[in-house]
Amino acid sequence: MEETISLKEIFQTLKQRWKLLVAIPLLAMLAGTLVSVFVLTPKYERSAELLIYQAGTEEGVTQNDVRTSLELVGTYTQIIKSPRILNDVIENGNLDYSLSTLQNMVSVTNQNNSQVLLVTVEADKPEEATAIVNEISTVFEAQIPDILSTDNVTILSEAVVGENPSPSSPNTILNMAIAFVVGLMGAVGLAFLLEYLDTTVKSEKDIEKILNLPVLGVVSTMDAVEPARKSS
Amino acid sequence: MARSTRTKKGQGQKKRQLIADVNKHSPITEQYRNIRTNIEYSAIDTDIHSLLITSAGPGEGKSTTASNLAVVMGQNGQRVLLIDADMRKPTAHYTFSLMNTHGLTNVLTRQQKLVDVAQETSIENVSLLTCGPVPPNPAELLNSKMMEIVIKEACENFDMVIIDTPPVMAVADAQILSSKVDGTIIVTSSGKTDRDQLEQTKGNLVKAKANILGVVLNNKPIDQNTYYYYQ
């Protein structure tokens, strides 16, 4: 069926269903907030910094040493998440996690080609995250001489539990915003769907278009005019 | 007597308003007058003495339109007879608070004469022929030769005969009657009448050789800006 939709009609459709367009995003936002606050368990993130530093010779740090270190950074990122390190971490910390779970909790980043590796662990409790990330740092520092026969990893900063730890996730504000936008999109889609599915006659124009018959009169809803009755 | 009809109305029937009588100056009554005028103008070559009101589906405002049209026509000085030919679900006697012991069925089965059964209503110039006892075979009754005679007789005694019928999509009654009257009006309900059904309704009526005068659009949500400005 060929249908042409003008901008005005689109606007009209949205205007008719404005309640839908307001209600659904707000409900979605509310749902998002409730889920964030009550359903999702808060996660805490703690990070430790590792410095990859080729001690080099007595001549001091050469350009070469720096480049070697930078190249190693990529390798170390992988090594930290390898079973060899993480299995030790699980064993040492008597952790209840499987290897893959732990691997998912750990993320290693390296910013701007620096020699510093940022190891981040996300866990249910801040203390746990701190303990795990510090254990990883220690095990990694201890293992590296065995693995690569160079002792060039230094723990730059350890993770601390901190006072009043605030959860890293869920990000309630972000979730609310996402829920609102998704809700709005859904509402607009629903408004058009309803309009498309609504095959009822609406106005004089509809009748003239469909039946090609004259409209003798238009009677509005009676209840709506009832108040006028009392005054007469 | 009146009490029993009232209680019945209160129980099952949705309150049907004779707004054209209750509030003569409301915009709705104005619209019914408008419809009356348009009907008068739609008859170019022939005078319209009998009108049939129908719709595609149930509950779209046939009976309301029929009775209010009867009232505004009566106000105009025409002697009007409203016939409740909706033998499946007669309602006109509730609207006018009249008895339905004798009616159209009695006339069609030749038990009584039209002039005896038609009742005066509380509204000037408006008479009502109620449905009467609900018959088992409405379509046959309405299709009979007698129905034509009744309409003819009514047209002789009254200036305007308005016939309220069942919906077209449900039963054939309206189609049958539509060929026996001067003009047919289709009532539609905004936001309720389905487009396809409306098209089919028109098709059925055209097939029955009805003279469709036009359409009344009911229940249109009022636009605050368009009404009241004249009051």
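Residues numbered from 1 in each chain as written. Chains lettered and ligands numbered in written order. Predicted model: local features only at pLDDT ≥ 70, side-chain atom pairs only at ≥ 80, totals over all residues. Heavy atoms only, no water.

## Considering the overall build of chain A
Move 1: Helix and strand content of chain A: nine helices and five strands.
Move 2: Among the 232 residues that make up chain A, the fraction classed as buried is 29%.
Move 3: Considering only intrachain contacts with a sequence separation of at least 6, the fraction spanning at least 24 residues in chain A is 73%.
Move 4: Looking at chain A as shown, the accessible area adds up to about 14300 Å², and 57% of this sits on carbon and sulfur atoms. (Helix = DSSP H or I, 4+ residues; strand = E, 2+ residues; numbered from the N terminus. Buried < 20%, exposed > 50% of the residue type's maximum accessible area, 1.4 Å probe, protein only. Contact = heavy atoms within 4.5 Å. Areas by Shrake-Rupley, 256 points an atom, 1.4 Å probe, with all protein chains shown as cover.)

## Observations concerning the UniProt feature "transmembrane region" (unreviewed entry) in chain A
Move 1: Residues annotated by UniProt as "transmembrane region" (unreviewed entry) correspond here to residues 20-41 and 173-197 of chain A.
Move 2: Each end of residues 173-197 of chain A is marked by a C-alpha atom, and these two atoms are 35 Å apart; helix forms 100% of the span and strand 0%. (UniProt positions renumbered as here; feature names shortened; annotations may be inferred.)

## What to know about the nonpolar core
Move 1: Ranked by size, the top nonpolar core spans 33 residues in total, and within it Ile35, Ile39, Leu51, Leu69, Phe96, Ile162 and Ile185 of chain B carry the most contacts.
Move 2: Here this core takes six residues from helix α4 (residues 62-75) of chain B, the largest share from any one element.
Move 3: In this structure, Val106, Val121, Ile132 and Val153 of chain A belong to the second largest nonpolar core, which totals 30 residues. (Core = buried A, V, L, I, M, F, W, Y, C linked by side-chain atoms within 4.5 Å.)

## Examining helix α3 (residues 63-80) of chain A
Residues and elements named next belong to chain A.
Move 1: Look at α3: 25 Å from first C-alpha to last across 18 residues, which is about the 26 Å you get at 1.5 Å a residue.
Move 2: Roughly 30° is the biggest bend found in α3, and it falls at Gly74.
Move 3: Regarding α3, the residues found buried are Asp65, Ser69, Leu72, Val73, Tyr76, Ile79 and Ile80.
Move 4: At its buried positions, α3 is contacted by β1 (44-52), α4 (83-93), β2 (106-110), β3 (116-123), α6 (126-148) and β4 (153-157). (Expected span 1.5 Å × (residues − 1). Bend = angle between axes of the 7 residues up to and from the residue.)

## Considerations on the sheet that holds β3 of chain A
All names here are of chain A.
Move 1: Pairing is antiparallel across the open sheet formed by four strands, whose spatial order is β2-β3-β1-β4. Looking at which strands have only one partner, the edges of the open sheet turn out to be β2 and β4. Shown here is a sheet whose adjacent strand axes are inclined to one another by a mean of 30°, direction ignored.
Move 2: In terms of strand pairing, β2 meets β3 through five bridges, oriented antiparallel. Paired with Val108 across the strands is Val119, a residue of β3.
Move 3: Contacting β1, β2, β3 and β4, α6 crosses the sheet at an angle of about 20° to β1. (Pairing = 2+ DSSP bridges. Axes fitted to C-alpha atoms, helices over the stretch in contact; angles between N-to-C directions.)

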